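Residues per chain, in single letters:
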Amino acid sequence: MTGRPTDLYRRYMAADTAYRRHASTCTACTTTVPGPACQAGARLYESFSTLQAAYLNHLK
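Residues numbered from 1 in each chain as written. Predicted model: local features only at pLDDT ≥ 70, side-chain atom pairs only at ≥ 80, totals over all residues. Heavy atoms only, no water.

Colleague: Outline the overall build of the chain, supporting the account with residue identities and numerical values.
Modeller: Each helix and strand in the chain was counted, giving two helices and zero strands. Seen through its C-alpha atoms, the chain measures out along the principal axes to roughly 40 × 15 × 15 Å. If you take every contact in the chain between residues at least 6 apart in sequence, the share linking residues at least 24 apart comes to 43%. Of the accessible surface of the chain, which amounts to about 4300 Å², a share of 56% is contributed by carbon and sulfur atoms. (Helix = DSSP H or I, 4+ residues; strand = E, 2+ residues; numbered from the N terminus. Contact = heavy atoms within 4.5 Å. Areas by Shrake-Rupley, 256 points an atom, 1.4 Å probe, with all protein chains shown as cover.)

See below:
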């Protein structure tokens, strides 16, 4: 990526950070997969994965 990061990239990275922070303290979640019973982890991971897909599609 060249130049300034896009807003989409910043949102994608913020979602990644939010999920990783959650996973670091949640006993059900791992850094790669939310726990099956953790609604907060599932919501954060869904946000991250949606933004990641949008960003990667943006690069094409």
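From this point, things continue past the structure.
Colleague: Go over the packing of aromatic side chains with me, naming the residues and quoting the values.
Modeller: Inspection of the entire model under this criterion finds six aromatic pairs. Look at Y12 and Y55: their rings are 5.5 Å apart centre to centre, the planes differ by 25 degrees, and that puts the pair in the stacked class. Note that Y12 is positioned in helix α1 (residues 7-25) and Y55 in helix α2 (residues 39-59), a separation of 43 residues in sequence. One exposure class covers both Y12 and Y55, and it is buried. Linked through ring pairs, Y9, Y12, Y19, Y45, F48 and Y55 together constitute an aromatic cluster. (Phe/Tyr/Trp six-rings, centres within 6.5 Å; stacked < 30°, edge-to-face > 60°. Buried < 20%, exposed > 50% of the residue type's maximum accessible area, 1.4 Å probe, protein only.)

Colleague: An account of the side chain of H22 is requested, with residue identities and associated values reported.
Modeller: Inspection of the secondary structure puts H22 in helix α1. Setting aside anything within four residues of it in sequence, one finds H22 in contact with C29, C38, A40, G41 and L44.

Colleague: Explain the environment of C38 residue by residue, including any values.
Modeller: Tracing the chain through its elements places C38 in the loop between α1 and α2. Considering only alpha carbons, one finds C38 and T27, eleven residues apart in sequence, at a separation of 9.3 Å.

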